[in-house]
Amino acid sequence: MRQHSALSSPVPCGKRLSLVSGLILILFVTGVMVAWAAPASQEAPPAPPQPLAGERSYAQNCAPCHGTAGLGNGPSAAGLGVPPTALGRYEAIAGKTWQELFAITKNGNMQRMMPPWKNQLSDQEIWDTVAYAWRLHTASAEVEQGQTLYEANCAACHGPDGKGAVAGAPNLADFAVTSGVSQAAWAASVANGKGAMPAFTGKLSEAEQRATLVYARSLSLGGPLFRGPLTAGAGIISGTVTNGTTSQPVPNLTVELGIFDTSALAEQRSATTDAAGVYRFTDLPTDTGLAFAVRVQYPAGVPYSTDFASFAAGQTALNLPVSVYETTDNAAGVRLERVHFIVEFDAGQALVAELLVFSLDGAQAYVGDGSAVLRFTLPAGATDLAINEEEIGGRFQATADGFVDLLALPPGANVRQVLYRYALPYSGGTLDLVRTLAYPAANVNALVSDVGQKITSQGLTDQGVRQTQGGSYANFLAQNVPASQPLTLQMTNLPGGSGMMGAAGAAGTSTTTSRILIGVLVAAVVAVTAFLVALPILRRGRPASGAAEPADRESLIDALAALDLAHEAGELTDAAYRDQRLRLKAQLRDLLNKEGQG
């Protein structure tokens, strides 16, 4: 059980289509539908794609670069060097067939920084993910409009299900047929006519034609583009709310259940715990594509929630216990398990990332001193602060010398991770990075990109330089650091200053590795942090690649080295390390194979 705060919900995405009378009505005349018929699929899916089944895969694997709404503005997009395809824009998706989208997703396109997914996802999972990504350019209202137009004008010849009601009408329900034709090709035939098919320009607006075509496309899919209203089912979610401080059940407490369609709140229900602290929700839909989370406040204003849970196929019951705690304003038990500093250099400034992992001793939740729960300081002159990939002004508030976290801290080990980044300008090739922690730290690890500078330290022990293919890191460690004890890295001969000696190009060489390492930290924070829930608004956490996918052999080797460093420093779990290493090795293998064929 973890504690949670209010966060903004990601923008949900999706859309659909429709047609008109004679539009497809005449298609059967020639026996062949010019643009509607297509070559047989090169890699037909085991079953027609289901857009809703691809929602989670898209959120986890695609949204970090392409964005939640498919606008190419995901949190990792800025570091790619190549703008990700804006899948949510019709112009970007219309010219591609589904077969082409599948091939790109499966095999990758490293020139566009698109990694291959064939080693992480099955063909069916890729098809489902492509289906969800494709729907981002439309909306449920457009699909409904298209359905109305299709039923009124097209179903007489093509049938309500698209399988054809007259001889010679193409089978619009056959995905092997439709997957080889793009929306743009269909649109051209509908607008301009071709063969026996008349032109519909002037008869239908462009928007009506597009809507009809979206709906027509949906007829060959294995499920709807958008989820309809939730229906009652046999699902039951229950659990016990326990006071972790007293080990007693908590009766008469309001419990809120959120039902989420990937990242959007679809429905909210409320119940009250009984005398034994037990709550129970019944008649729930058991769709495996839905996610459920339970949230309580104890006392008022201190939220706790479960992680997300979903029903497995055939499962009808879930048990989601919740632990809450009495509160304290005594900060004596707050401590840092690990602190990581990563420093790189670019254009006369240091780019610093700091990851702090908190624990709290005892059996009470720490609620702070009335103005803040956790305090963080920044060096004088720091700019461009970003915290946990969130906007500042809600849970995190800026202060004169840094920022504060307003979310109460539950007891336990490794209960919170806060990752923040900032830029620190310097001049004259020198920089004194002085960091003071507000809480005692068991382990501190600093990695500084080696760009030919000289580094001396106070409070940190020099561990030497770690070499990688494209650069190296100066490594410094400290243990059992008391609160408020300064930790200093004094750097001279930095790039961009008058004291620079032969470091030209070194900063650029190490930037790829450093950004990947910082990206790995981002992924680690998101992956191990519980979903933050404060109904009715929720933002679902998702594992993200965080770093730009490297495009050449040297960068891939650097990425593997950076990953090893992160794992060795304890920043990645074994599972996360293994998964990301397998992905990078697969990319490297594919690249080497291509070079061999060249």
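Residues numbered from 1 in each chain as written. Predicted model: local features only at pLDDT ≥ 70, side-chain atom pairs only at ≥ 80, totals over all residues. Heavy atoms only, no water.

Kindly report on the overall build of the protein chain, identifying the contributing residues and their values.
The secondary structure content of the protein chain amounts to 13 helices and 27 strands. Per-residue burial for the protein chain yields a buried fraction of 52% across its 598 residues. A separation of at least 24 residues holds for 74% of the contacts in the protein chain among residues at least 6 apart in sequence. (Helix = DSSP H or I, 4+ residues; strand = E, 2+ residues; numbered from the N terminus. Buried < 20%, exposed > 50% of the residue type's maximum accessible area, 1.4 Å probe, protein only. Contact = heavy atoms within 4.5 Å.)

Tell me about helix 4 (residues 98-107), residues and numbers included.
By the burial criterion, the buried members of helix 4 are Trp98, Gln99, Leu101, Phe102, Thr105 and Lys106. The buried residues of helix 4 occupy an angular sector of 160° when projected down its axis, which confines them to one face. In this fold, the buried residues of helix 4 make contact with helix 3 (90-93), helix 5 (123-135), helix 8 (175-178) and helix 10 (206-218). Looking one or two residues past helix 4, glycine 108 carries a phi angle of roughly 80°, positive in sign. (Arc of directions from axis to C-beta.)

Account for the sheet that holds strand 25 (residues 486-492), naming residues and giving values.
Backbone hydrogen bonds are what pair the strands of a sheet, in a parallel or an antiparallel way. Here three strands make up an open sheet; going across it, the order is 20-25-22 and the pairing antiparallel. Two strands close off the open sheet at either side, each with one partner strand: strand 20 (431-436) and strand 22 (454-458). Pairwise comparison of adjacent strand axes, ignoring direction, gives a mean angle of 15° for this sheet. (Pairing = 2+ DSSP bridges. Axes fitted to C-alpha atoms, helices over the stretch in contact; angles between N-to-C directions.)

Can you explain the packing of helix 4 against helix 5? Please cite residues and give values.
Their axes nearest at 10 Å, the elements helix 4 and helix 5 cross at an angle of 120°. Of the possible angle classes, the one that applies to helix 4 and helix 5 is oblique. Seen from above, helix 4 lies across helix 5 with right-handed handedness. In this structure, helix 4 uses Trp98, Gln99, Leu101, Phe102, Thr105 and Lys106 to contact helix 5, whose residues at the interface are Asp123, Ile126, Trp127, Val130, Ala131 and Trp134. Here the residues of the contact of helix 4 with helix 5 sort into eight nonpolar, two polar and two charged. (Parallel < 35°, antiparallel > 145°, perpendicular 65-115°, else oblique. Left-handed = near helix turned anticlockwise from the far one by under 90°. Nonpolar A, V, L, I, M, F, W, Y, C, P; charged D, E, K, R; others polar.)

A description of the environment of threonine 282 should follow, citing residues and the corresponding values.
By secondary structure assignment, the location of threonine 282 is in strand 6 (residues 278-284). Residue classification places threonine 282 among the partly exposed positions, given a relative accessible area of 34%. Sequence separation between threonine 282 and isoleucine 237 is 45 residues, and the spatial gap between their C-alpha atoms is 6.6 Å. Setting aside chain neighbours within four positions, we find threonine 282 in contact with Gly235, Ile236 and Arg269.

Any chance you could break down the sheet that holds strand 17 (residues 396-399) for me, citing the residues and the numbers?
Strands sit in the order 15-18-17 across an open sheet of three strands; the sheet is antiparallel. Looking at which strands have only one partner, the edges of the open sheet turn out to be strand 15 (374-377) and strand 17. When the angles between neighbouring strand axes are averaged without regard to direction, this sheet yields 25°. Examined bridge by bridge, strand 15 and strand 18 (residues 402-405) share four bridges and lie antiparallel to one another. Bridge pairing in strand 18 places arginine 375 opposite valine 404.

I'd like a rundown of the pattern of salt bridges, residues and numbers included.
Using the criterion set out here, one finds 13 salt bridges in the structure. Across the pair glutamate 55 and arginine 135 runs a salt bridge, and its minimum N-O distance is 3.7 Å. Placement of glutamate 55 in helix 2 (residues 55-66) and of arginine 135 in helix 5 is noted, with a sequence separation of 80 residues between them. Like arginine 135, glutamate 55 is buried. The shortest N-O distance in the salt bridge between aspartate 405 and arginine 395 comes to 2.9 Å. Here aspartate 405 is found in strand 18, whereas its partner arginine 395 is found in the loop between strand 16 (383-387) and strand 17, with ten residues between them in sequence. A relative accessible area of 10% means that arginine 395 is categorised as buried. (Salt bridge = Lys/Arg side-chain N within 4 Å of Asp/Glu carboxyl O.)

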